[in-house]
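Take a look at the letters that make up each chain.
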Amino acid sequence: SDSVFNKNLDEIMYFFEATNYRVVFFEDLDRLESRKIFVHLRELNNLLNNDESIKNKPIVFIYAVQDDIFTKEDRTKFFDFIIPVIPVINSTNSGEILIERLEESRKNGIIHNISQAFILDVSPYISDMRILRNIYNEFVLYKNILQKSQDLTLSDEQMMAIIIFKNLYPSDFADIQAEKGIIKKAFESKNDFIQKEKERIQDEIDNFSEVISKASTDHLKSIRELKAAMLVEMSNHLGFVTTFERSYSTIISAVEIMNDSFDMCKLEQIQCNRVRYTSFEGNNTSTNIENFKEKVLPYVKRWNYLNELEKQGLENLQENLRELKQRQHSLSCRTIADILSDCDEFVFEEEIAQNKLLVFLLRKGYIDEKYATYINYFKGKSITTGDMNFILSVKNREPKP
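### Considerations on a nonpolar patch on the surface
Right, on to step 1. Taken together, the side chains of Val-23, Phe-25, Val-60 and Ile-62 make up a nonpolar region of the molecular surface, amounting to roughly 340 Å² of accessible area.
Right, on to step 2. Elements supplying a minimum of two residues to the nonpolar patch: strand S1 (23-27) and strand S2 (60-64).
Right, on to step 3. Locating Phe-25 in the fold gives a position in strand S1.

### Here's the deal with the pattern of salt bridges
Right, on to step 1. Within the structure shown, the criterion is met by 11 salt bridges.
Right, on to step 2. With a shortest N-O distance of 2.9 Å, Lys-190 and Glu-369 are connected by a salt bridge. Of this pair, Lys-190 sits in helix H10 (residues 182-217) while Glu-369 sits in the loop between helix H17 (356-364) and helix H18 (385-395), placing them 179 residues apart in sequence.

### Let's talk about the packing of helix H8 (residues 156-168) against helix H9 (residues 170-177)
Right, on to step 1. Orientation of H8 relative to H9, taken along the N-to-C sense of each, is 120°, at an axis distance of 5 Å. Here H8 lies oblique to H9, going by the angle between them. On the side of H8, the interface is formed by Ile-162, Phe-165, Lys-166, Asn-167 and Leu-168, while H9 contributes Pro-170, Asp-172, Phe-173 and Ile-176.
Right, on to step 2. Split by residue class, the contact of H8 with H9 holds 6 nonpolar, 1 polar and 2 charged.

### Observations regarding helix H2 (residues 9-18)
Right, on to step 1. Of the positions making up H2, those classed as buried are Ile-12, Met-13 and Phe-16. Along the long axis of H2, the arc covered by the buried residues comes to 100°, so they all point the same way. Opposite its buried face, H2 presents the exposed residues Asp-10, Glu-11 and Tyr-14, each directed more than 90 degrees away.
Right, on to step 2. Of the surrounding secondary structure, the elements contacted by the buried residues of H2 are helix H1 (4-7), S1 and helix H3 (36-49).

### Considering the environment of Phe-16
Right, on to step 1. Tracing the sequence through the fold places Phe-16 in helix H2.
Right, on to step 2. In the structure, Phe-16 is positioned 222 residues away from Leu-238 in sequence and 122 Å away in space, judged by C-alpha atoms.
Right, on to step 3. With near-sequence residues (within four places) excluded, Phe-16 lies in contact with Tyr-21, Arg-22, Val-24, Leu-48, Ile-54 and Ile-59.

### Brief notes about the environment of Leu-48
Right, on to step 1. Relative to the helices and strands, Leu-48 resides in helix H3.
Right, on to step 2. Residues Leu-48 and Asp-68 lie 20 residues apart in sequence; the distance between their C-alpha atoms is 28 Å.
Right, on to step 3. If we ignore the near neighbours within four places in the chain, the residues touching Leu-48 are Ile-12, Met-13, Phe-16, Ile-54, Lys-57, Ile-59 and Phe-61.

### Description of the sheet that holds strand S4 (residues 249-253)
Right, on to step 1. The antiparallel open sheet is built from 4 strands, whose spatial order is S4-S3-S5-S6. Bordering the open sheet on either side are S4 and strand S6 (284-288), each of which pairs with just one other strand. Ignoring which end each strand starts from, the neighbouring axes of this sheet average 35° apart.
Right, on to step 2. Relative to strand S5 (residues 274-279), strand S3 (residues 239-246) runs antiparallel, the two sharing 6 bridges. When the bridges of S5 are listed, Phe-240 appears paired with Thr-278.

Basis of the calculations
- Residues numbered from 1 in each chain as written.
- Predicted model: local features only at pLDDT ≥ 70, side-chain atom pairs only at ≥ 80, totals over all residues.
- Heavy atoms only, no water.
- Patch = residues over 30% accessible without salt bridge, like charges linked within 9 Å, V, L, I, M, F, W, Y side chains within 5 Å.
- Areas by Shrake-Rupley, 256 points an atom, 1.4 Å probe, with all protein chains shown as cover.
- Salt bridge = Lys/Arg side-chain N within 4 Å of Asp/Glu carboxyl O.
- Helix = DSSP H or I, 4+ residues; strand = E, 2+ residues; numbered from the N terminus.
- Axes fitted to C-alpha atoms, helices over the stretch in contact; angles between N-to-C directions.
- Parallel < 35°, antiparallel > 145°, perpendicular 65-115°, else oblique.
- Contact = heavy atoms within 4.5 Å.
- Nonpolar A, V, L, I, M, F, W, Y, C, P; charged D, E, K, R; others polar.
- Buried < 20%, exposed > 50% of the residue type's maximum accessible area, 1.4 Å probe, protein only.
- Arc of directions from axis to C-beta.
- Pairing = 2+ DSSP bridges.

Below you can see the structure in the form of structure tokens.
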């Protein structure tokens, strides 16, 4: 079919015949991601300049496009003259521009508490002047509506952070309003991590509690007593075992077992069906033994408890138990920023980790568990404004009078 230019060529020609326009600007054509449009415009420009009915010439077409729309050879071939444009803003200077804008607003009576350190922290993620202007405008609007009119003690920096995220990731911000999206997933990941960490700590608490309980109630108070009792029982209480054997071959001796450094867990690994012992009358003899592992296992478990008690001491075990309970209790009130800074094992899933801005804002605490307060109206019906300010002070760990 005929192109738009061909269908309307007469109208286009007449426009330039009837008017004094000689310069035409084309902006944002690179967004169409098609080079054919430039070829058609070039052909149109040639037709206009070769048309005898157009008196005032040349007709000049100027294109405002990105440098990478053509390759280096095509750029110089296609365009008659190229004027480089230095960007007004990029990620290296956006912070200074935003600081200037905030200083101007302060002079105009818009008081805020945003530090220069915060601006320099977040500015590398802003590289577009229109986005920067909109961030500032929305911040002023949100501040007036959510902070001033509702008389809530909200952080200007956290409000600015959520506005920056809103402008750079509008679809993800829209998901927040519907209680879904990557921010909600990030806090769900935090809750899952806390639950698993609590379960892990509970396992340690149970282990310490069992060691203290079992060791305290065991009538044998030392490892040597426990080993001696085992060696007597293995002889069916007829004497004191000197060696453990398998088919008359010695596997391990009582001297080795009675050594303080001997790990009794090794007894679970050996295959023993016979023991040699010295009877209480002083005779050396031997006897078969059945179910060796079943008989030795209770002693190994009791050795573990007594060994742990001897190594750490009862007071240290009790102190460790108290610390574990305190750590488990404090997990519930830890912020996501605390966890990200202290817990190397906490890792976001891929979808969240790819959003570098969000991870940064969460790590620095600029977006935290109170994010919903910065994007929604506070109704003040079930709780008062004073109640909400008290809740915010607790969550921010900022004591009130």
